[in-house]
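# Topology and contacts: notes
One letter stands for each residue in the lines below.
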Amino acid sequence: MSLTVDLRSDTVTRPSAAMREAIASAEVGDDVYGEDPTIIELEQRVAALLGHEAGLFTPSGSLANQLGLRLHAGPGEEIVADSQAHVVRAELGAAAVFSGITTRTWDAPRGLLDAGALRAFVRPSSGPYLVSTTAIAVENTHNFGGGTVQPLERLQAVRDLADECGLAVHLDGARLWNAHVASGVPMHAYGEIADTVSVCLSKGLGAPVGSVLVSSTERIAAARIWRKRYGAGMRQAGILAAAGLYALDHNIERLADDHVRAQRLAFALVEAVDAVVVPEHVETNIVVLDLAPTDWTAAALAVAAGEQGVRISALGPNFARLVTHLDVDDDAITHAAAVLTHLLRSSP
Ligand SMILES: *Cc1c(COP(=O)(O)O)cnc(C)c1O
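This is a predicted model, so every value here is computed, not measured.

### Comments concerning the sheet that holds strand E12 (residues 319-323)
The sheet built from 3 strands is open, its strands ordered E9-E12-E11 with antiparallel pairing. Of all the strands in the sheet, the pair left with one neighbour each is strand E9 (286-290) and strand E11 (313-314). Relative to E12, E9 runs antiparallel, the two sharing 5 bridges. In the sheet register, leucine 289 faces E12, and the bridge partner there is alanine 320.

### With respect to the domain arrangement of the protein
Looking at the assigned domains, one finds that the protein contains domain 1 (17-250) and domain 2 (254-344). At the junction of the two partners, domain 1 supplies 19 residues and domain 2 supplies 14 residues. Around 1400 Å² of area is buried between domain 1 and domain 2 when both sides are counted, 55% of it from carbon and sulfur atoms. On the domain 1 side of the contact with domain 2, Arg110, Phe144 and Asn178 bury the most area, a combined 31% of that side's loss. In this assembly, domain 1 and domain 2 are joined by 1 salt bridge. The partner of glutamate 283 in a salt bridge is arginine 110, with the nearest N and O atoms 3.2 Å apart. Counting across the interface, domain 1 meets domain 2 through 6 residue pairs in polar contact (both at pLDDT 80 or more). For the side of domain 1 that touches domain 2, the leading source of residues is helix H8 (residues 176-183), giving 4 residues. Across the side of domain 1 that touches domain 2, the residue classes break down as 6 nonpolar, 10 polar and 3 charged.

### Some words on the site of the ligand
Near the ligand you find Ser60, Gly61, Ser62, Asn65, His86, Glu91, Glu139, Asn143, Asp172, Ala174, Arg175 and Lys203, and these make up its full shell. One nitrogen or oxygen atom from the side chain of histidine 86 is found 3.5 Å from a nitrogen atom belonging to the ligand. Arginine 175 has a polar side-chain atom sitting 2.8 Å from an oxygen atom of the ligand. Calculation on the ligand without its partners gives an accessible area of 380 Å², and the protein chains cover 84% of this total. Looking at the shell around the ligand residue by residue, the classes come out as 1 nonpolar, 6 polar and 5 charged.

### Quick look at the packing of aromatic side chains
Overall, the coordinates contain 3 aromatic pairs when judged by the stated rule. Aromatic side chains phenylalanine 98 and tyrosine 230 sit 4.6 Å apart centroid to centroid with 40° between the ring planes, which places their arrangement in the tilted category. Residue phenylalanine 98 is found in helix H5 (residues 94-99), and its partner tyrosine 230 is found in the loop between helix H10 (217-229) and helix H11 (238-250); the two are separated by 132 residues along the sequence. Summarising the aromatic geometry, the rings of tryptophan 106 and phenylalanine 121 are spaced 5.6 Å apart at their centres and angled 70° between planes, so their arrangement reads as edge-to-face. Residue tryptophan 106 is found in strand E4 (residues 102-106), and its partner phenylalanine 121 is found in the loop between helix H6 (115-119) and strand E5 (133-139); the two are separated by 15 residues along the sequence. When sorted by exposure, tryptophan 106 lands in the same class as phenylalanine 121, which is buried. Members of the aromatic cluster, connected to one another through ring pairs, are Phe98, Trp226 and Tyr230.

### Examining the sheet that holds strand E6 (residues 168-173)
A sheet is described by the order of its strands in space; here 7 strands give the open sequence E2-E8-E7-E6-E5-E3-E4, paired in mixed fashion. Where the open sheet ends on each side, the last strands, each with one partner, are strand E2 (54-58) and E4. Neighbour-to-neighbour, the strand axes of this sheet turn through a mean angle of 20°, independent of strand direction. Where helix H3 (residues 61-72) meets the sheet, its contacts fall on E2, strand E3 (78-82), E5, E6, strand E7 (196-200) and strand E8 (211-215), and the angle it forms with E6 comes to roughly 175°. In the packing of helix H7 (residues 152-165) onto the sheet, the strands contacted are E5 and E6, and the crossing angle to E5 comes to about 175°.

So, how was this worked out
Residues numbered from 1 in each chain as written. Predicted model: local features only at pLDDT ≥ 70, side-chain atom pairs only at ≥ 80, totals over all residues. Heavy atoms only, no water. Pairing = 2+ DSSP bridges. Helix = DSSP H or I, 4+ residues; strand = E, 2+ residues; numbered from the N terminus. Domains from an automatic or database assignment. Contact = heavy atoms within 4.5 Å. Buried area = accessible area lost by both parts, 1.4 Å probe. Salt bridge = Lys/Arg side-chain N within 4 Å of Asp/Glu carboxyl O. Polar contact = N/O pair within 3.5 Å; in protein donor to acceptor, adjacent residues only side chain to side chain. Nonpolar A, V, L, I, M, F, W, Y, C, P; charged D, E, K, R; others polar. Near = heavy atom within 4 Å. Areas by Shrake-Rupley, 256 points an atom, 1.4 Å probe, with all protein chains shown as cover. Phe/Tyr/Trp six-rings, centres within 6.5 Å; stacked < 30°, edge-to-face > 60°. Buried < 20%, exposed > 50% of the residue type's maximum accessible area, 1.4 Å probe, protein only. Axes fitted to C-alpha atoms, helices over the stretch in contact; angles between N-to-C directions.

Here you go:
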């Protein structure tokens, strides 16, 4: 069997022929001079989708997040986020390295927000002895939580708390598209609960590169300066923005297929070993496995599955992650489910 199914992440997608055509025919200019029409179109379109004034194209989601955070906190100030947040776990300490920001975290099962618990946690204007909180970072969908969709009421409760306390809210919306498709909540409704929002084009949407940070005109002007300072001012990057525009036109609604396939996978695996996954918690395109009830470590399972052409991520001793995306079809899921259920029913 030579079929390879790559479920490590939805970043592994390759641009389709039609996307490559859009790339090839893109109108471009020097974006550091503000003259790339395709980038300008992408930035304006994403900002409008999210109900914000302006947008900024960045090469990665991490940079979009870090530009957002630095607009809300300076050296010695604090942002708070849940302990599994991408800005905490997967950006290599960038908030501390780039901006001198302290991060304080709380544990959130599946990444789900709880404004009630947050209320006791944030410490705005803490005076001369204690670190002052200036912003709350939230994530939707929640990656390491298992693709969790944050209910709009919970996001709104965090917004209300932030308003009460004079705090800013940054929304890491790398997979906000998945949340929108799964919940039916309009993108702008999510956008409106935050002061800054980042969205990725290179995950489920299938573009090769790119994220967009949106906010007010004033904040985005400041972020543009910081982006250049960090060395990420790009020139004729309209060829990349064209892929993003193509993705917005063609690849949002189809995320529903990825969600159905993730569900199929979860139901197949829970048949094999009860309790490795809770299918009801698989709301979008991410399936996280808790291998504690098995003899497998995540690393051993990843190696054994890889030998049979199924690539998965080991993100902790017992914690494996499978992600569906536009390069994984029904046959690929059937194959992955067969390989993984067979392994889970046997011993390492
Ligand atoms: C992938 C991801 C990002 C951005 O990652 P980059 O690899 O820097 O583009 C940010 N937040 C979340 C939740 C992600 O999953």
